[in-house]
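Spelled out from the first residue to the last, the chains are:
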Amino acid sequence: MRIAQISPLCESVPPSLYGGTERIVAHLCDALVELGHDVTLFACADSVTRARLIPVRERPIRLDPSPLKSELAAHLSMLAEVRERVEDFGILHFHIDLLHMPWFTDVAQRSLTTLHGRLDMTDLARAYRLWPHYPLVSISDQQRKPVPFANWLGTVHHGLSPKSYTFNPNQGGYLAFLGRLSPEKRPDRAIAIAKKSGIPLKIAAKIDAADKEYFEASIRPLLDHPLVEFIGEIGDHEKSDFLGNAAALLFPIDWPEPFGLVMIEAMACGTPVIAFRCGSVPEVVDDEVTGFIVETVDDAVAAVDHLDILDRRRIRAIFERRFSATAMAKNYVELYHRLLQGDAGRTPYAPDRLESETQYTELARARRHRLEPLRGMGT
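Residues numbered from 1 in each chain as written. Predicted model: local features only at pLDDT ≥ 70, side-chain atom pairs only at ≥ 80, totals over all residues. Heavy atoms only, no water.

> I'm lost on unusual backbone geometry in this one. Help?
Across residues other than glycine, the phi torsion is negative in most instances, and most of the peptide bonds are trans. Between Val13 and Pro14 the backbone carries a cis peptide bond, its omega angle lying at -5 degrees. Note that Pro14 resides in the loop between β1 (2-6) and α1 (21-34). Non-glycine residue Asp123 carries a positive phi angle of around 85 degrees. Here Asp123 is to be found in the loop between β5 (111-115) and α3 (124-130). Its relative accessible area of 60% is what places Asp123 among the exposed residues. Unusually for a residue other than glycine, Arg186 sits at a positive phi of about 55 degrees. Mapping Arg186 onto the fold places it in the loop between β8 (175-180) and α4 (187-197). (Helix = DSSP H or I, 4+ residues; strand = E, 2+ residues; numbered from the N terminus. Buried < 20%, exposed > 50% of the residue type's maximum accessible area, 1.4 Å probe, protein only.)

Laid out in structure tokens, this is it:
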């Protein structure tokens, strides 16, 4: 199968430091090549891939030191390059939200668009009504909720190559926070959990320009504590040590996270996840198996006290079965075949792993009930 993968240009494929979408594109391309497909990647020139690379920008936009650059112009130039080669491919797989939709309407039925971001923003619903003939893929069933009417072909959870992450069977002595230091990621909750549990917290995080004010006003004052260590942004080569040596990853989000890649990065190392019930978390974390799904900071503190009941080898095994790059690629191949067979129609929103909202409420109550006696045994 001849497949074009069209990546965002904000980061290299894979990113040298922080980055989600481009990292998934990298693992998907390599896994598809391993499965025997002919894959072409449109991305920045410094990308590293087993696919055929068509470079469309010298360096990733975020790391480009030039003060005068246009993200829009860069992506439009890439789309012009794709347009010139459109007949070279049987499948066009876009990872750039809806930017391509006015350009490729004539080949929409053999294209696939994976949406990697949140979908509850103003104007998005109207846009997806304007281009209903583009088959879409969600990265979690929860992600679809703001636009359930869209032309969803399927849901494919993210996957990573097991070779990229080293399994550690031993529980470490600190809690880890990995991601962006932004209000919706709630690093303040992570710090509160560490302080209440008495366990050190290591924070490896990127600070975007948009979040600098938040960091200075709300987070920097909290870093002056003996249990809290701020490391800064780290790259892929450092993640296995950082996550694998941790007792748990804290994922204390406060927004409808479409997926949460760092959760499966931790699982790849055998490290359990303590995550707040929000967004995709119930789809990714198997409660009391690969981690704990919690409602409050106190719930999280109680969970920290009982990390030893979780089997790190089982966590790694579940990662390999559910969230490997090969599993992700095979799921996409099934969707590619459906497109080539002329099946680009809408599939209904019917989550197969999610309970109803009423069941969620009952589960949350039961969870709080179970944790009550644990709190009394904790710090």
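> Explain helix α7 (residues 261-268) to me, please; I cannot follow it from the model alone.
Structurally, the α-helix is built with 3.6 residues per turn, so residues lying three or four positions apart point the same way. With eight of its eight residues buried, α7 lies for the most part within the structure. Burial in α7 covers these residues: Leu261, Val262, Met263, Ile264, Glu265, Ala266, Met267 and Ala268. Positioned one or two residues after α7, Gly270 has a phi angle of 85 degrees, which is positive.

> Explain the packing of α7 against helix α10 (residues 312-322) here, please?
Packed helix pairs are characterised by how far apart their axes lie and by the angle those axes make with each other. Relative to each other, α7 and α10 sit at 125 degrees, their axes nearing to 7 Å. Regarding the angle of α7 to α10, the classification is oblique. Residue-level inspection shows Ile264, Met267 and Ala268 of α7 in contact with α10, the latter providing Ile315, Arg316 and Phe319. (Axes fitted to C-alpha atoms, helices over the stretch in contact; angles between N-to-C directions. Parallel < 35°, antiparallel > 145°, perpendicular 65-115°, else oblique. Contact = heavy atoms within 4.5 Å.)

> Honestly, the side chain of His95 in this entry has me stumped. Any pointers?
Counting through the fold element by element, His95 comes out in the loop between β4 (91-94) and β5. Contact partners of His95, with chain neighbours within four places excluded, come to Gln5, Ile6, Pro8, Thr21, Val25, Leu28, Thr114 and His116.

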